[in-house]
Amino acid sequence: MARGYRKRVLVTGGAGFLGSHLCERLLSDGCDVLCVDNFYTGTKDNIARLLPNPHFEVMRHDVTFPLYVEVDEIYNLACPASPIHYQHDPVQTTKTSVHGAINMLGLAKRLKAKIFQASTSEVYGDPTVHPQPESYWGNVNPIGPRSCYDEGKRCAETLFFDYYHQHGLRIKVGRIFNTYGPRMHPNDGRVVSNFIVQALQNQPITLYGDGNQSRSFCYVDDLIEAIIRLMATPDDFTGPVNLGNPDEFTIRELAEIVIELTGSRSELIFLPLPSDDPRQRQPDITLANEILDWRPTTNLRAGLLRTIDYFSWLLQPETAGNTSI
Ligand code: NAD
Ligand code: UDP
Ligand code: UDP
């Protein structure tokens, strides 16, 4: 690449939680970043501090429509990720995953650009194998409330691999497990943001079911590092590769840790478990460890403390409406 040349990188969903962190990281790595987002769940506040940077550009666009731009690399993150958001308009969720993938793959094909897909642990559904290796095909209900997301993401993976085989595209598929950190949406219903917001306000902590279901939570900085390393792998490595923190906690344990770290007076209450809620989830990250020389370095308590700081700041009356951090 010519001296002084800045790589032009497209991040779809760049105004969302993960996308905004990725844009920031790419800018600090010396890239020109084009953030494409329709602001369905993302916000301008998430990227407000990047706007003055001359190497950062934002385009309001829905990836279900074709996109003609000139870039060297594509990170495809556009898609609502929290269950209440993706179930709000399930048809649009599937369109975003499937039509969005086709358009971004078509763009990558025309440009001969490398392309990353933000896939998910949800491709494993309610897993019957534990922990989940990449070789596991999953246990997904095709017609349940989570299907628009799970099957949309599975189809997107299929498209990525068909473009790879049929057109020789350079693809990187990362299966992201539950990730948390600053700039999560305070009202998106995800467990970490719900519990922290409830604890900070001394409101009851809402455990769905008996709270014995488990998840493995990855701090956002660790996840972004993994995505960057995945994109830098040789062309013959396509994934899919699990990206997540293998430390597994029950939802009840998470609630107790959040109460302890916030010093909250909240009590636990038990509400019905949503249907098809996966019982257990833990990534087998052997492959990521071998190929990316990566494993998470932020433990749950350290990551939660940083996230609690963010939500404490966000919930101050003078911060309301301004989520730029
Ligand atoms: P998010 O909702 O904060 O971000 C998604 C972004 O995509 C938002 O900015 C939204 O406005 C944008 N978007 C949605 N539909 C779009 C469309 N049709 N056109 C253009 N932009 C659109 O969610 P997130 O947690 O940052 O997730 C980012 C990606 O990572 C998603 O693809 C998600 O499926 C994947 N992922 C996230 C997690 C996690 O734990 N956060 C886990 C697995 C996979
Ligand atoms: N596409 C796009 N930008 C481009 C090239 C293609 O958005 O720069 C979209 C276009 O909508 C097309 C889709 O990507 O339908 C798939 O492109 P591909 O070349 O694979 O197939 P086509 O449908 O053009 O035969
Ligand atoms: N959950 C909960 N209380 C909440 C929000 C979520 O007990 O207020 C549970 C939810 O039922 C699930 C787990 O926490 O078992 C993780 O939920 P989240 O929506 O964060 O992610 P996902 O289910 O997609 O992994």
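Quantities reported herein were computed from a predicted structural model and do not represent experimental measurements. (Residues numbered from 1 in each chain as written. Chains lettered and ligands numbered in written order. Predicted model: local features only at pLDDT ≥ 70, side-chain atom pairs only at ≥ 80, totals over all residues. Heavy atoms only, no water.)

## Focus on the overall build of the protein
If you tally the helices and strands in the protein, you get 10 helices and 13 strands. For the protein, the C-alpha radius of gyration of 19 Å lies close to 20 Å, the compact-globule estimate for 325 residues. With respect to the three principal axes, the spread of C-alpha positions in the protein is 60 × 45 × 40 Å. Counting only residues that meet the buried cut, the protein has 54% of its 325 residues in that class. Nonlocal contacts in the protein, meaning residues at least 24 apart in sequence, comprise 80% of its contacts between residues at least 6 apart. For the protein, the computed accessible surface area is about 14000 Å², with 51% contributed by carbon and sulfur atoms. (Helix = DSSP H or I, 4+ residues; strand = E, 2+ residues; numbered from the N terminus. Rg over C-alpha atoms; globule rule 2.2 N^0.38 Å. Buried < 20%, exposed > 50% of the residue type's maximum accessible area, 1.4 Å probe, protein only. Contact = heavy atoms within 4.5 Å. Areas by Shrake-Rupley, 256 points an atom, 1.4 Å probe, with all protein chains shown as cover.)

## Some points on the site of ligand 1
Lining the immediate surroundings of ligand 1 are 30 residues, of which Leu18, Asp37, Thr41, Tyr149 and Lys153 lie closest. At 2.6 Å from an oxygen atom of ligand 1 is found a side-chain nitrogen or oxygen belonging to threonine 41. Starting from 830 Å² of accessible surface for ligand 1 in isolation, the protein chains cover 96%. Put simply, the parts of the chain that give the shell around ligand 1 at least two residues each are α1 (17-28), α4 (90-111), β5 (114-120) and α5 (147-167). With three residues, β5 is the single largest residue contributor to the shell around ligand 1. Split into classes, the residues belonging to the shell around ligand 1 amount to 14 nonpolar, 12 polar and four charged. (Near = heavy atom within 4 Å. Polar contact = N/O pair within 3.5 Å; in protein donor to acceptor, adjacent residues only side chain to side chain. Nonpolar A, V, L, I, M, F, W, Y, C, P; charged D, E, K, R; others polar.)

## Describing the packing of helix α6 (residues 191-200) against helix α8 (residues 251-262)
Relative to each other, α6 and α8 sit at 40°, their axes nearing to 10 Å. Relative to α8, the element α6 is oriented oblique. As for how α6 packs across α8, the hand of that crossing is right-handed. Each of Val191, Val192, Phe195, Ile196, Ala199 and Leu200 in α6 lies in contact with α8, whose residues at this interface are Ile251, Leu254, Ala255, Val258 and Thr262. Looking at side-chain class alone, the contact of α6 with α8 contains 10 nonpolar, one polar and no charged residues. (Axes fitted to C-alpha atoms, helices over the stretch in contact; angles between N-to-C directions. Parallel < 35°, antiparallel > 145°, perpendicular 65-115°, else oblique. Left-handed = near helix turned anticlockwise from the far one by under 90°.)

## Re the nonpolar core
Of all hydrophobic cores here, the largest spans 60 residues; its most connected members are Leu22, Leu26, Tyr75, Leu243 and Leu304. Tallying contributions element by element places helix α7 (residues 220-231) first for this core, with eight residues. Once you skip the residues sitting within four places of it in the chain, leucine 26 turns out to touch Val9, Val11, Cys31, Val33, Tyr75 and Ile228. Counting residues in each nonpolar core, the second largest holds 26 residues, with Leu34, Ile74, Ala101 and Ala108 among its members. (Core = buried A, V, L, I, M, F, W, Y, C linked by side-chain atoms within 4.5 Å.)

## With respect to the site of ligand 3
In the neighbourhood of ligand 3, 18 residues make up the surrounding shell, with Val191, Thr206, Arg215, Asp277 and Arg281 lying closest. Within the side chain of asparagine 178, one N or O atom sits 2.9 Å away from an oxygen atom of ligand 3. A distance of 2.5 Å is found between an oxygen atom of ligand 3 and a side-chain nitrogen or oxygen belonging to aspartate 277. Sorting the residues of the shell around ligand 3 by element identifies α6 and β8 (205-208) as the ones contributing at least two each.

## Some remarks on the UniProt feature "domain: NAD-dependent epimerase/dehydratase" (unreviewed entry) in the protein
According to UniProt, the positions carrying the feature "domain: NAD-dependent epimerase/dehydratase" (unreviewed entry) are residues 9-243. A helix fraction of 37% and a strand fraction of 20% characterise residues 9-243, whose end C-alpha atoms lie 21 Å from each other. (UniProt positions renumbered as here; feature names shortened; annotations may be inferred.)

## Description of the sheet that holds β5
Taking strand neighbours across the sheet as the criterion, the seven strands line up as β3-β2-β1-β4-β5-β6-β11 in an open arrangement whose pairing is parallel. Either end of the sheet is taken by a strand with one partner, and the two such strands are β3 (56-60) and β11 (241-243). Adjacent strand axes in the sheet meet at a mean angle of 20° when their direction is disregarded. By the bridge criterion, five bridges tie strand β1 (residues 8-12) to strand β2 (residues 32-37) in an arrangement that is parallel. Counterpart to valine 11 in the pairing with β2 is cysteine 35. α1 contacts β1, β2, β3, β4 (73-76) and β6 (171-176) of the sheet and is inclined by roughly 170° relative to β1. Lying on the sheet, α7 is in contact with β4, β5, β6 and β11; it crosses β6 at an angle near 160°. (Pairing = 2+ DSSP bridges.)

## Focus: unusual backbone geometry
Of the consecutive residues histidine 130 and proline 131, the connecting peptide bond is found in the cis state with omega at -10°. Looking at where proline 131 falls in the secondary structure, it is placed in the loop between β5 and α5. The omega angle of the peptide bond from glycine 239 to proline 240 is 5°, so this bond is cis rather than trans. With respect to the helices, strands and loops of the structure, proline 240 is situated in the loop between α7 and β11.

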